[in-house]
Structures are given as structure tokens and as C-alpha cells.
Amino acid sequence: MNSPAADRARYDRATAHLDAPLAIVDLEAFDANADDLVRRAGGKPVRVASKSVRCRALLERVLARPGFAGIMSYTLAESLWLARSGFEDVLLAYPSADRAGFGELANDAKLAAAVTVMVDDPAQLELIDTARDGGAEEVRVCLELDTALQLLGGRVRVGARRSPLREPAQLAALARAVAARPGFRVVGLMAYEGHVAGVGDALAGRPLRSRAIRLMQGAARRELAARRAEVVAAVREVVPDLEFVNGGGTGSVQQTAAEDAVTEIAAGSGLYVPRLFDNYTSFSGRPAALFAQPVVRRPGVGVVTVLGGGYPASGAAGPDRLPVPYLPQGLRYDPQEGAGEVQTPLLGSPADDLLIGDRVWFRHAKAGELCERFDTLHLVEGGRVTGSVPTYRGEGRTFL
């Protein structure tokens, strides 16, 4: 692995013919991260979370590698677009109210065979039926299990508020409701443990909080593993030919893969490795997706200003949702301005070595959201750009 200084020189050299702002993906790092996900999955296939990639060319690249199979999408419109583009196994990870999209799905045999939709409430089945517009294609359905850790009799909850279904009897009842309704078939079960997979457990300078997170995650993993096994058994009594049980995320690949009940792992952020994935004891990846902003001002000693850069990530607002100045190392935000919409002052001694037109390289807080800001990803191999591919935005697709 190269030093940060060597990487900076390589990225600057590779993109010298391009004007910033720009975004790159280091293919050597991307491929190494892909290999690490497969290694950690221990022989179970990895389904790629498209929201963490948002680039068809890179989805195709990773799915061509051994160990990867299928896409986990985030909207129905995206799912249909990907299926029309030739992706044959698309699992929609969230329920949808896209009536027009369900009409298309129910009227197209190819789409209906390629796309699986998420359901955790009988009312969602009713919405799909009212949107069929005469279409009679069977809709493939995946049921979602709530993974949150509940303590003190449910008074304390740790985990995202997703599915209302927690217990084996609830999932089995919904499976029976789907089976009894013409035009639907249960093919899968999903459980995303975001409080384990998406929360770092080695926070810099915060040893007590890090230990508390590790204790919480250990308890959450044990509780979920037992409950997930019971849920899968209950659902298989209703649906013996269940095709898949999906679980995990980049931060919990090896732990989730160790569960016998799980048949495949979901991951996507681990390909780009944004800044939120720096704080894990279970793995370390290589930053693969970066963006560069040009220096446009030198306001004084120890200060430069770059164009734009205010690209916050989703989630609870806080400093950890901001991109981080990465190369050259040692730059930081002005606390009075932060990352700005049209300009971003950066402080630190490295600023004195930056000239007008030089670039500062940043890492986004979350993975695929970077692609909502750029229409092109320049692919870097060695010291040169070997290709440039459109993001979803570059293809005119903004699904949320």
C-alpha cells in the first residue's frame, strides 16, 4: 500500500489534464476492498448494495468478480432501471409506494422475474394490487425482520426503526398472508443490523465510548443470531423453498456470515470505504473513492480556500457527516465556516505549500452519496486515468 503522500502525487499526476472539482475511484483499492469483502464473507455470496456505489459500470465490475451475486437496490424506479439494463437479480431493500412502478412490474415478465420487493405489512400488498393496472405477473416478495436490540422490556431500543416485525410468529403470519394472496410469492427474508454493521467500534480518542459500543454490539449480535434463526425456521415452515436469507453490512460481514441461518451477505460501502468506516476493529479497508476541490484563494498564512465542498451525508447532523480533507494530510475546517456551499476555507500548515489551482483531496462521509454530487467517476490505475464512467446522476437518474 502506498503512503498518503505517494497517493496524493499519483492522483494529482493522473488527473492533471482534468479540471477540478472531480471525483475518482482508485481501481486498485476498489478491487482490493472487494477481495476483502469476499474473504470476510467466508464462502457466502455478497449482494452489492447499489446505494453505496451508484454507478452502473462499477456495479458491473464488482458483480463480474467471484463471490458477488445480485444487487440490493433502494427504490423501485432504480430496481426497474437496473433490471432493464440487464441485472437479473435485484432485491429492493425498502418498501415502496411507487404505484406506477408496481404497474410496470406486474405487466412485464422480465421485470417480475428479476426484481424482488420488500414487504413488512399487508397494506403494502394491497397497494401493489391496486397498482397492477391489469398486470398479472407474480410479484416476488421479501419479508423484513426488525433487528433492533431491545432492553429493559422494550423501553430501550438500539437500532434503526425499520420493519415492525420482530418475532417468529409475526413473520410466519405475514408469510401465510402472502401465500394466501394470488399474484405474490415469498422468496426471501432480510434483516439489516445497522447498529452493528454501520457503527464503528473504535472511535479515536474515545476509549470508553468505543468499549460501550463493542459491548452493545456483542449483545446485539448474540440476541439477533438466536432470534434470526428462529424466524427463519418459522418462515421456512410456511415457505419451504425460501430462496435466500440476507443479512449483514460492511461492518459485520464475517460475524453475520457465521450464522447458519444466513445464506447471503449485503455490503456496498466497503468497496469505496468512506470516512465513516475508519473506526472498526473488525476490518480495515483502503479509501477508493475521493473527490478533489481546487484551491481558489489564499486568504493568509496557514489558510487556503477551495471551491465548494459542502457535501454533507445523510443521518443525524453532526461533524461526522461532513467530508474530511484527506490529502495533503493536516488540513482542517475553519470551525466558524465548516464545509461551504460555494467555498470552503481550510486551515493548517500544509496550506502554505498549496498554490492557486492546486487541489485538495477529500473523502466523503458515506459511500454512494458522493455520486449525487458528481456526474462522472474517473477511474485511476497506477498513475493514470484509464477510463471515465457516469454515475447515476451522469445518466440522468436521481431516484431520491
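See the structure shown above.
On a predicted model such as this, the values are computed, not experimentally measured, just so you know. (Residues numbered from 1 in each chain as written. Predicted model: local features only at pLDDT ≥ 70, side-chain atom pairs only at ≥ 80, totals over all residues. Heavy atoms only, no water.)

Caption draft 1: Representation of the overall build of the protein chain in the model. Within the protein chain one finds 12 helices and 19 strands. Taking 21 Å as the expected radius of gyration for a compact globule of 400 residues, we find that the protein chain reaches 22 Å, a close match to that expectation. The dimensions of the protein chain, computed from C-alpha atoms along their principal axes, are 70 × 50 × 35 Å. Expressed as a percentage of contacts within the protein chain between residues at least 6 apart in sequence, the contacts between residues at least 24 apart total 69%. Of the accessible surface of the protein chain, which amounts to about 16800 Å², a share of 51% is contributed by carbon and sulfur atoms. The average position of the 47 basic charges and that of the 48 acidic charges among the side chains of the protein chain differ by 5 Å. (Helix = DSSP H or I, 4+ residues; strand = E, 2+ residues; numbered from the N terminus. Rg over C-alpha atoms; globule rule 2.2 N^0.38 Å. Contact = heavy atoms within 4.5 Å. Areas by Shrake-Rupley, 256 points an atom, 1.4 Å probe, with all protein chains shown as cover. Lys, Arg positive; Asp, Glu negative; His and termini not counted. Charge placed at Lys NZ, Arg CZ, Asp CG, Glu CD.)

Caption draft 2: Seen up close, the sheet that holds strand S9 (residues 184-191). The strand order around the closed barrel built from 8 strands is S2-S3-S4-S5-S6-S9-S10-S11, with neighbouring strands paired in parallel fashion. Neighbour-to-neighbour, the strand axes of the sheet open up by a mean angle of 30°, direction not taken into account. When S9 meets strand S10 (residues 244-247), the two strands line up parallel, connected through 4 bridges. Considered in S10, the bridge of Gly188 is made with Phe244. Here helix H4 (residues 76-84) sits on the sheet and contacts strand S3 (68-73), strand S4 (90-92) and strand S5 (115-119); the angle it forms with S5, its principal contact strand, is near 165°. In this fold helix H7 (residues 122-130) packs onto S5, strand S6 (139-144) and S9, with an angle of close to 135° to the strand it touches most, S5. (Pairing = 2+ DSSP bridges. Axes fitted to C-alpha atoms, helices over the stretch in contact; angles between N-to-C directions.)

Caption draft 3: Just unusual backbone geometry, in detail. With an omega of 5°, the peptide bond running from Ala20 to Pro21 counts as cis. Omega for the bond connecting Leu327 with Pro328 falls within 30 degrees of zero, at 0°, which places this linkage in the cis form. Note on placement: Pro328 falls in the loop between strand S14 (324-327) and strand S15 (332-333). Despite not being glycine, Arg54 shows a phi value in the positive range, around 50°. For Arg54, the location among the structural elements is in the loop between strand S2 (46-49) and helix H3 (56-63). Arg54 sits in the buried class, given a relative accessible area of 11%. For Val273, which is not glycine, the phi torsion reads 55° and is therefore positive. Mapped onto the fold, Val273 is located in the loop between helix H12 (269-272) and strand S12 (289-300). Residue Val273 is classed as buried on the basis of its relative accessible area of 1%. (Buried < 20%, exposed > 50% of the residue type's maximum accessible area, 1.4 Å probe, protein only.)

Caption draft 4: Structural context of helix H2 (residues 27-41). Taking 1.5 Å as the rise per residue, H2 with 15 residues should run 21 Å; its terminal C-alpha atoms sit 21 Å apart, in good agreement. Among all positions of H2, only Leu27, Ala29, Phe30, Asp31, Asn33, Ala34, Asp36, Leu37, Arg40 and Ala41 are buried. The residue sitting at the N-terminus of H2 and contributing the capping side-chain oxygen is Asp26; that oxygen lies 3.1 Å from the backbone nitrogen of Glu28. Just beyond H2, the residue with positive phi is Gly42, at close to 60°. (Expected span 1.5 Å × (residues − 1). Polar contact = N/O pair within 3.5 Å; in protein donor to acceptor, adjacent residues only side chain to side chain.)

Caption draft 5: Fine view of the pattern of salt bridges. As enumerated under the stated definition, the model contains 27 salt bridges in all. Where Arg40 meets Asp36, a salt bridge forms, and the shortest distance between an N and an O atom there is 3.4 Å. Placement of both Arg40 and Asp36 in helix H2 is noted, with a separation of 4 residues, approximately one turn of the helix. Considered together, Arg40 and Asp36 belong to a single accessibility category, that of buried residues. One salt bridge in this structure joins Lys366 and Glu369, with 3.8 Å as the shortest N-O distance. Ionic contacts of the salt-bridge type, sharing partners, join the residues Asp31, Asp35, Arg61 and Arg65 into one network. (Salt bridge = Lys/Arg side-chain N within 4 Å of Asp/Glu carboxyl O.)

Caption draft 6: Molecular detail of the packing of H2 against H3. Taken N-terminus to C-terminus, the directions of H2 and H3 make an angle of 45°; their axes are 11 Å apart at the nearest point. Looking at the two axes, H2 sits oblique to H3. Regarding H2 and H3, the two cross each other, and that crossing is right-handed. Listed contacts from H3 to Leu27, Phe30, Asp31 and Ala34 of H2 are Leu58, Arg61 and Val62. Here the residues of the contact of H2 with H3 sort into 5 nonpolar, no polar and 2 charged. (Parallel < 35°, antiparallel > 145°, perpendicular 65-115°, else oblique. Left-handed = near helix turned anticlockwise from the far one by under 90°. Nonpolar A, V, L, I, M, F, W, Y, C, P; charged D, E, K, R; others polar.)

Caption draft 7: Molecular detail of the side chain of Arg227. Here Arg227 lies in helix H10 (residues 207-238). Taking relative accessible area as the criterion, Arg227 reaches 5% and is therefore assigned buried. Of the polar contacts made by the side chain of Arg227, one reaches the backbone oxygen of Arg166; its length is 3.0 Å. Beyond its immediate stretch of four places on either side in the chain, Arg227 contacts Leu145, Asp146, Thr147, Ala148, Arg166 and Glu167.

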